[in-house]
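As a plain string of letters, each chain reads:
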Amino acid sequence: MLQPPATASREADGLAMSSRNRYLSAQERAVAPLLYQALQAGAAVLRQGGTGEEAQSRARQVLASEPRFRVQYVEAADPDTLAPHPQAGLPVVLLAAAWLGQTRLIDNLVVE
């Protein structure tokens, strides 16, 4: 059985701690926390009874508000198997990867 992704250690503004963050310009670093905010918006949808697909859509909408993000994926998955979880029901892990400039940022959020 797969282990769910570990909850990331975070900077004070919510950005997941990563050695990749040093590659962000000052302007990119200022908007980088939007990735975590997008996951939080998706989590709110799930907590209100929405589906995994609705959560993914909401997170993508948040990221679309910043044109410097190039979204690679936003997925809702079963935390035990990491199989897609498009329906309603908890727990779910939201997973995201997006490019900001030349830096690929990744993050996840377990919603219980």
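Look up a bit, the structure's there.
Predicted model, so just to flag it, every value in this text is computed and none were measured.

Calculation notes
- Residues numbered from 1 in each chain as written.
- Predicted model: local features only at pLDDT ≥ 70, side-chain atom pairs only at ≥ 80, totals over all residues.
- Heavy atoms only, no water.
- Helix = DSSP H or I, 4+ residues; strand = E, 2+ residues; numbered from the N terminus.
- Buried < 20%, exposed > 50% of the residue type's maximum accessible area, 1.4 Å probe, protein only.
- Contact = heavy atoms within 4.5 Å.
- Expected span 1.5 Å × (residues − 1).
- Pairing = 2+ DSSP bridges.
- Phe/Tyr/Trp six-rings, centres within 6.5 Å; stacked < 30°, edge-to-face > 60°.
- Lys NZ or Arg CZ within 6 Å of the ring centre and 35° of its normal.

**Here's the deal with the side chain of Thr103**
1) Next: Position of Thr103 among the secondary structure elements: in strand E3 (residues 103–111).
2) Next: Classification of Thr103 as buried rests on a relative accessible area of 3%.
3) Next: If near-sequence neighbours (up to four positions away) are discounted, Thr103 is found in contact with Arg20, Tyr23, Leu24 and Ala98.

**Side note on helix H2 (residues 34–47)**
1) Next: Taking 1.5 Å of rise per residue, 14 residues should cover 20 Å, and H2 covers 20 Å from first to last C-alpha, within 8% of that figure.
2) Next: Restricting attention to buried positions, one finds in H2 the residues Leu34, Leu35, Tyr36, Ala38, Leu39, Ala41, Gly42, Ala43, Val45 and Leu46.
3) Next: Positive backbone phi, at 95°, marks Gly49, one or two positions downstream of H2.

**Remarks on the pairing of E3**
1) Next: Sheet topology places strand E2 (residues 92–100) next to E3; 9 bridges connect them, and they run antiparallel. When the bridges of E3 are listed, Leu94 appears paired with Leu109.

**As for the environment of Gly89**
1) Next: Tracing the backbone through its elements, the reader meets Gly89 in the loop between strand E1 (69–77) and E2.
2) Next: Since its relative accessible area comes to 35%, Gly89 is described here as partly exposed.
3) Next: Through-space distance from the C-alpha of Gly89 to that of Leu34 is 25 Å; in sequence the pair is 55 residues apart.

**A few points about the packing of aromatic side chains**
1) Next: Within this structure, the stated rule accounts for 0 aromatic pairs.
2) Next: Its end group placed over the ring of Tyr36, Arg10 keeps NZ or CZ at 3.6 Å from the ring centre.

**Concerning the environment of Ala32**
1) Next: Relative to the helices and strands, Ala32 resides in the loop between helix H1 (26–31) and H2.
2) Next: With a relative accessible area of 0%, Ala32 lands in the buried category.
3) Next: Sequence separation between Ala32 and Gly101 is 69 residues; the distance between their C-alpha atoms is 10 Å.

**Notes on the environment of Leu46**
1) Next: Locating Leu46 in the fold gives a position in helix H2.
2) Next: The spacing of Leu46 and Ala96 is 50 residues in sequence and 16 Å in space, taken between C-alpha atoms.
3) Next: Here Leu46 is in contact with Thr51, Gly52, Ala55, Leu90, Val92, Leu94 and Val111, once residues within four sequence places are set aside.

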